[in-house]
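Chain by chain, the residues run as shown.
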Amino acid sequence: MVLVCPSVLSADFTCLGEDCARVLNAGADMIHFDVMDGHFVDNLSFGLPVLETLHHALPQAVMDVHLMISHPLRFVHRFAEAGADYITVHVETTDDLSATLAAIHGCGCKRGMALNPDTPVEAVFPYLDQLELVLVMGVVPGHGGQPFDPRALDKLRALRAECAVRRQILSPGAAAAKRVQWTKQRATAGAALRFSQAFTRRENRLSARGLGGRNFCPAYAGRNGFPLKRGAFATR
C-alpha cells in the first residue's frame, strides 16, 4: 500500500489550514512539514509557531515533521509539544543520533532518519532497530523543483534487503522528486509513501492522489503502521 503525504512547503500560506483540510479530505494520509534552518540547508522555511497553529486548526491530522536542521536534539521536545506525530532527523547532523532518537521516542513520537543523495545508505544501518521511518532523499534538501536522483532507487532496494536480513518490519522509501513518471519505479524499489511538494489545484479542487495531477513524490513509511486519524477535516 502506498500512502500520500503532501508537503506544506508550497502551500498558499494565506489559507494554510484550509489547504491542508482540502488535501486531507481528498485522501491524503498525513501532512509533511519541512523545517529548514538556513544552516544545515541553505534555505529557511518555517518552524514551531506554524506547526502549533496548524495542529490547533487540524487536531486530528497526522503531522510528519522533517527536521533539516543542524541540532535537532535541541528542538525535539518543542516540536513534539507543538503537535508532531513523526519526527525525522538527518544522519548527517552533528548531534548524538542515538540520544536524538531516544528523545523523539521519549516524547511519544515515531522516529525517522533521513539521508542525503551523496550519503551511502549503509550510514543508517546502525540505527535501524531504533527507527520507524527511513527517508531516502531523491534531491539535495533545501529547495524544491530538482530532478529526481535515481540513486535513491538503489538505496531503497539495499535498505529493503537489509531489513529482510534483520527480519525487521520497516518499509523504506524515497522522497522529494517531482516527476510522476518515477512513481512505478519507486514503488517497485520499495517506497511505501509518496510526498507531494506542491498542493495541486485543478478546477478548484485539490487532488491528494495525483489523479490527473502532477508534482507527486514517493517518500517513506515505517514499521508498526501509521497512527492515521480519519474522518472529515475542517479548520477550527
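An account of the accompanying structure is given in this report. (Residues numbered from 1 in each chain as written. Predicted model: local features only at pLDDT ≥ 70, side-chain atom pairs only at ≥ 80, totals over all residues. Heavy atoms only, no water.)

**Some thoughts on the overall build of the protein**
Here is step 1 of the chain: Scanning the protein from terminus to terminus reveals six helices and eleven strands.
Here is step 2 of the chain: Burial analysis of the protein (236 residues in total) assigns 58% to the buried set.
Here is step 3 of the chain: Sequence separation of at least 24 residues holds for 67% of the intrachain contacts in the protein that already meet a minimum separation of 6.
Here is step 4 of the chain: When the accessible area of the protein is evaluated, it comes to approximately 10200 Å², of which 52% is carbon and sulfur surface. (Helix = DSSP H or I, 4+ residues; strand = E, 2+ residues; numbered from the N terminus. Buried < 20%, exposed > 50% of the residue type's maximum accessible area, 1.4 Å probe, protein only. Contact = heavy atoms within 4.5 Å. Areas by Shrake-Rupley, 256 points an atom, 1.4 Å probe, with all protein chains shown as cover.)

**Things to note about the nonpolar core**
Here is step 1 of the chain: With 50 residues, the main nonpolar core has Ile87 and Val124 as its most contacted residues.
Here is step 2 of the chain: In this structure, valine 124 is in contact with Val91, Met113, Leu115, Val134 and Leu159, ignoring residues within four places of it in sequence.
Here is step 3 of the chain: Ranked by size, the runner-up nonpolar core spans five residues in total, among them Cys5, Met30, Val62 and Leu133. (Core = buried A, V, L, I, M, F, W, Y, C linked by side-chain atoms within 4.5 Å.)

**Quick word on the side chain of lysine 155**
Here is step 1 of the chain: Along the chain, the position of lysine 155 falls in helix 5 (residues 151–166).
Here is step 2 of the chain: One buried charged side chain, lysine 155, makes no salt bridge at all; its nearest oppositely charged neighbour is aspartate 118, positioned 6.7 Å away.
Here is step 3 of the chain: With near-sequence residues (within four places) excluded, lysine 155 lies in contact with Leu115, Asn116, Pro117, Asp118, Thr119, Val121 and Val136. (Lys, Arg positive; Asp, Glu negative; His and termini not counted. Salt bridge = Lys/Arg side-chain N within 4 Å of Asp/Glu carboxyl O.)

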